[in-house]
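Report on the structure
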Amino acid sequence: MAVIGVSTVVIAACCWPPDVVLPALAPLLALAGRAWAYAASIVLEAAPYILVGSLVATLALRAGANRIAAALLPMVAPGCDCSMNGYAPLIARAPAPLAAFSMIWSASCNPIALFATHAILGAAVFKARIAGTLVAGCLTALGWSNARLRPAPSACGAGCRAGRPRAPRSAVEIFGSGLLALVPAATLCGVALVAAPHVLRAHAAPLPAAALGALISPCSTADAILARVLAPLPAAQAAFVMAAQTLDARQLSLLARTFGMRRAAIAAAASLIGCAVAVFSVRHP
Amino acid sequence: MIARCAAAAFAGVALLACVSGAYSSLTTLRAWCAWCVAVFAAGTVRDVKTLACFAAGVGAGCALPHAAPRPAGDVVTHAPKAGYSGDLFALLDRIDRDPAGVIGERVSVSGTWGAAAADQPATVSRRIMSCCAADAVAVGFDVVPKRRVSIGRAAWVRVTGILRSRLADGEIRYLLAAATVCRLPNGAPKARSARPPRGPAAKLSATPCE
């Protein structure tokens, strides 16, 4: 492979001299550099939160935390939705419906996110966020309880076959796994911002606002500020914050990696309905 | 093993970003926090494979910019309402509370200059970064200068003009019409989000503010 690679580079260098190639490559390299900076910034910012989630999850797993408590803990104090990448192995031990509800609620309606939403976007969007998340969480729980679905192999390994959760993993392993779940979303966001920068502008209609929220996937602590700036109307703000936490690439990638593609698809469908409910509840308070 | 390799590669990127200052320019994290997570991740480097991943991470970290990249997208003319300080944010908040009371007034704001492009008007804006460089947004006003302005992009300026509103692509945008633009010295803004750029762009000649 190395020989083929080196040979290809040498042949390419012979065919196209640097004074021809470099001017053509320079703009592409500049774009790639910006995409890398955007993607890296997402991972660098999220890393401390993933680390905290990983440490708490490891401690809880080692202490043999109750399966119900394992799902409730992140709902009360996740810190930020980025921490969910760390908490996921802990939540995966809970019964499927509770795990489903916990994954949706912790990401979208954690205390800090609710506080920021109320302070910046007002009571109407605050209530819409709760209503939409409740619907999305309940529908996901219903879907996960009814479907005969197997979790992803990465979530439980060989233990799943015997119907038991996998043995506790180390904090480093959970941290690395959380980073891996974040990388596809960060890459997508970085490339999209470079390829189509004009999507990052104000959107008055709920649908484009939701698409923008899902694409840039801001932290739950910051989505209210961005919604205020990028979505001038309350219905669009509700759609933005809901989609940013429940339909974003970061959340869906984490769900797919931890619980499997089909469960992630159910969560996405339920979250779409949750978004619609949030928009409806703002328009018809 | 894959997770450990990911953590090792991250450690390489993060440590280099801490050393070069890229961590603080690309994120809102405190330096000590960035160092803690980088050192924790570096603890995964224990064998040849993870060392190779760490080295690859260091290489990738070299490509990170030392200054924050300019925000993607257009300048947005809506108030963030999140406690940002500065005359530009104060004016946006006033517009947010009572647009009719402010439109038509002669106002003055300071921010980063964005020269006019083919299909875009000139702008004065400030960058808000609520989380990381990827979700940084430029917030400010369109500017229609009274006369031709020869100020380089990203220079720190004061713009004085009459506030108007217009409809563009179904969105209400606010602009400063018949505006005068003057360049401010570096270091005027105190807010982190409003830090002016250093370098050649800021040194271009323009009318100094009186």
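In this report, the structure presented in the accompanying data block is examined. Since the structure is predicted, the reported quantities are computational estimates derived from the model, not experimental observations.

1. Here we look at the overall build of chain A
- Scanning chain A for helices and strands turns up 14 helices and zero strands.
- When the helices and strands of chain A are placed in sequence order, the string is α-α-α-α-α-α-α-α-α-α-α-α-α-α.
- At 21 Å, chain A has a C-alpha radius of gyration in line with the 19 Å of a compact globule built from 285 residues.
- With the C-alpha coordinates of chain A rotated into their principal frame, the extents come out at 65 × 50 × 30 Å.
- Among the 285 residues that make up chain A, the fraction classed as buried is 53%.
- Taking all contacts inside chain A whose residues are at least 6 apart in sequence as the whole, residues at least 24 apart take part in 79%.
- Here chain A has roughly 11800 Å² of accessible surface; of this, 74% comes from carbon and sulfur atoms.
- A gap of 16 Å separates the mean positions of the 19 positive and 6 negative side-chain charges of chain A.

2. Focus: unusual backbone geometry
All names here are of chain B.
- Its identity as a non-glycine residue notwithstanding, Ala-178 has a phi of 45°, on the positive side.
- As for its position among the elements, Ala-178 is in strand β5 (residues 171-183).
- Taking the relative accessible area as the measure of exposure, Ala-178 reaches 32% and is therefore partly exposed.

3. Some details on a nonpolar patch on the surface
- Among the surface-exposed residues, Leu-25, Leu-28, Leu-29 and Leu-31 of chain A lie close enough to one another that they form a single nonpolar patch of about 370 Å² accessible area.
- Assignment of secondary structure puts Leu-31 of chain A in helix α2 (residues 18-62).

4. Concerning the nonpolar core
- Among the nonpolar cores identified, the biggest contains 109 residues, and Phe-175 and Leu-230 of chain A together with Phe-10, Tyr-23 and Phe-141 of chain B are the most heavily contacted of them.
- For this core, the leading source of residues is α2 of chain A, giving 12 residues.

5. Thoughts on the interface of chain A and chain B
- Listed per partner, the contact involves 40 residues of chain A and 50 residues of chain B.
- The junction of chain A with chain B conceals about 3800 Å² of combined surface from both sides, 74% of it contributed by carbon and sulfur atoms.
- For the interface between chain A and chain B, the tally reads one salt bridge.
- Between Asp-96 of chain B and Arg-228 of chain A there is a salt bridge whose closest N-O contact spans 2.3 Å.
- Taken together, the links from chain A to chain B amount to six residue pairs in polar contact (both at pLDDT 80 or more).
- When residues of the side of chain A that touches chain B are traced back to their parent elements, those giving at least two are α2, α9 (171-195) and α11 (223-230) of chain A.
- In terms of residue count, the dominant contributor to the side of chain A that touches chain B is α2 of chain A (14 residues).
- Split by residue class, the side of chain A that touches chain B holds 30 nonpolar, five polar and five charged.

6. Remarks on the packing of helix α10 (residues 206-216) of chain A against helix α12 (residues 234-246) of chain A
Residue and element names in this part refer to chain A.
- Axis separation between α10 and α12 bottoms out at 7 Å; the angle between their running directions is 30°. Compared by their axis directions, α10 and α12 come out roughly parallel. Where α10 crosses over α12, the handedness of that crossing is right-handed. On α12, the residues touching Pro-206, Ala-209, Ala-210, Leu-212, Gly-213, Ala-214 and Ile-216 of α10 are Ala-235, Ala-236, Ala-239, Phe-240, Ala-243 and Ala-244.
- Residues belonging to the contact of α10 with α12 are distributed by class as follows: 12 nonpolar, one polar and no charged.

7. Examining the sheet that holds strand β1 (residues 106-114) of chain B
Residue and element names in this part refer to chain B.
- Strand order in the closed barrel formed by five strands is β1-β2-β3-β5-β4, with mixed pairing between adjacent strands. Strand after strand, the sheet turns through a mean of 50° between neighbouring axes, direction not considered.
- Here three bridges tie β1 to strand β2 (residues 122-128), and the two strands are oriented antiparallel to one another. The partner of Trp-113 across the bridge, within β2, is Val-124.
- Each of β1, β2, β3 (137-145), β4 (156-168) and β5 is contacted by helix α5 (residues 87-97), which is oriented at about 85° to β3, the strand it contacts most.

Parameters at a glance
Residues numbered from 1 in each chain as written. Chains lettered and ligands numbered in written order. Predicted model: local features only at pLDDT ≥ 70, side-chain atom pairs only at ≥ 80, totals over all residues. Heavy atoms only, no water. Helix = DSSP H or I, 4+ residues; strand = E, 2+ residues; numbered from the N terminus. Rg over C-alpha atoms; globule rule 2.2 N^0.38 Å. Buried < 20%, exposed > 50% of the residue type's maximum accessible area, 1.4 Å probe, protein only. Contact = heavy atoms within 4.5 Å. Areas by Shrake-Rupley, 256 points an atom, 1.4 Å probe, with all protein chains shown as cover. Lys, Arg positive; Asp, Glu negative; His and termini not counted. Charge placed at Lys NZ, Arg CZ, Asp CG, Glu CD. Patch = residues over 30% accessible without salt bridge, like charges linked within 9 Å, V, L, I, M, F, W, Y side chains within 5 Å. Salt bridge = Lys/Arg side-chain N within 4 Å of Asp/Glu carboxyl O. Core = buried A, V, L, I, M, F, W, Y, C linked by side-chain atoms within 4.5 Å. Buried area = accessible area lost by both parts, 1.4 Å probe. Polar contact = N/O pair within 3.5 Å; in protein donor to acceptor, adjacent residues only side chain to side chain. Nonpolar A, V, L, I, M, F, W, Y, C, P; charged D, E, K, R; others polar. Axes fitted to C-alpha atoms, helices over the stretch in contact; angles between N-to-C directions. Parallel < 35°, antiparallel > 145°, perpendicular 65-115°, else oblique. Left-handed = near helix turned anticlockwise from the far one by under 90°. Pairing = 2+ DSSP bridges.

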